[in-house]
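Fold and contact review
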Amino acid sequence: MLVALMARDKPKSLDIRKANRAAHLDYIEATGVVSMAGPFLDENGSMTGSLVILDVADMDAARNWAENDPYAKAGLFETVVLSEWKKVVG
């Protein structure tokens, strides 16, 4: 199943994001369940959140992945929404 993880960073948390970016990218590589991913950007091009499309067995697996993401463990996110997603185009 595909699950969209949509996360918004806490205000003024760019330093947390930068400090944990390598670990986050390593986690994506190691887990092998990310179909696509990238940051949300503000009007100045600064990163303000994340969109990650997970290809997992079920919503519990998506929750587990989200909870163990180094960004989440570092306290980067103000909000995280997981929603089943259906790919239609692309």
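Residues numbered from 1 in each chain as written. Predicted model: local features only at pLDDT ≥ 70, side-chain atom pairs only at ≥ 80, totals over all residues. Heavy atoms only, no water.

**Description of the overall build of the protein chain**
For the protein chain, the count of helices and strands is three helices and four strands. Listed by position from the N terminus, the elements making up the protein chain come as β-α-β-β-α-α-β. Pairs at least 24 apart in sequence give 69% of the contacts found in the protein chain among residues at least 6 apart. Taken as a whole, the protein chain presents about 5,600 Å² of accessible surface, with 52% of it coming from carbon and sulfur. In the protein chain, the 10 positive side-chain charges and the 13 negative ones have mean positions that sit 4 Å from each other. (Helix = DSSP H or I, 4+ residues; strand = E, 2+ residues; numbered from the N terminus. Contact = heavy atoms within 4.5 Å. Areas by Shrake-Rupley, 256 points an atom, 1.4 Å probe, with all protein chains shown as cover. Lys, Arg positive; Asp, Glu negative; His and termini not counted. Charge placed at Lys NZ, Arg CZ, Asp CG, Glu CD.)

**Concerning the UniProt feature "domain: YCII-related" (unreviewed entry) in the protein chain**
Under the present numbering, the feature "domain: YCII-related" (unreviewed entry) in UniProt falls on residues 1-86. What you have in residues 1-86 is 37% helix and 38% strand, and the ends, taken at the C-alpha atoms, are 8 Å apart. (UniProt positions renumbered as here; feature names shortened; annotations may be inferred.)

**A closer look at the nonpolar core**
If you look at the biggest cluster of nonpolar residues, it comprises 15 residues, and the most contacted ones within it are Val3, Leu5, Leu54, Ala62 and Trp65. Secondary-structure elements contributing two or more residues to this core are β1 (2-9), α1 (14-31), β3 (47-55) and α2 (59-68). The element that contributes the greatest number of residues to this core is α2, accounting for four residues. The contact partners of tryptophan 65, leaving out residues within four places of it in the chain, are Leu5, Tyr27, Ile28, Thr31, Val33, Val34, Val52 and Leu54. (Core = buried A, V, L, I, M, F, W, Y, C linked by side-chain atoms within 4.5 Å. Buried < 20%, exposed > 50% of the residue type's maximum accessible area, 1.4 Å probe, protein only.)

**Side note on α1**
With 18 residues, α1 ought to run about 26 Å at 1.5 Å a step, and its terminal C-alpha atoms sit 24 Å apart, in line with that. The principal kink in α1, of about 50 degrees, is found at arginine 21. Here α1 has its buried residues at Arg17, His24, Tyr27 and Ile28. Against β1, β2 (34-41), β3, α2, α3 (70-73) and β4 (77-84) lie the buried residues of α1. Of the residues flanking the end of α1, it is glycine 32, one or two places downstream, whose phi is positive at about 70 degrees. (Expected span 1.5 Å × (residues − 1). Bend = angle between axes of the 7 residues up to and from the residue.)

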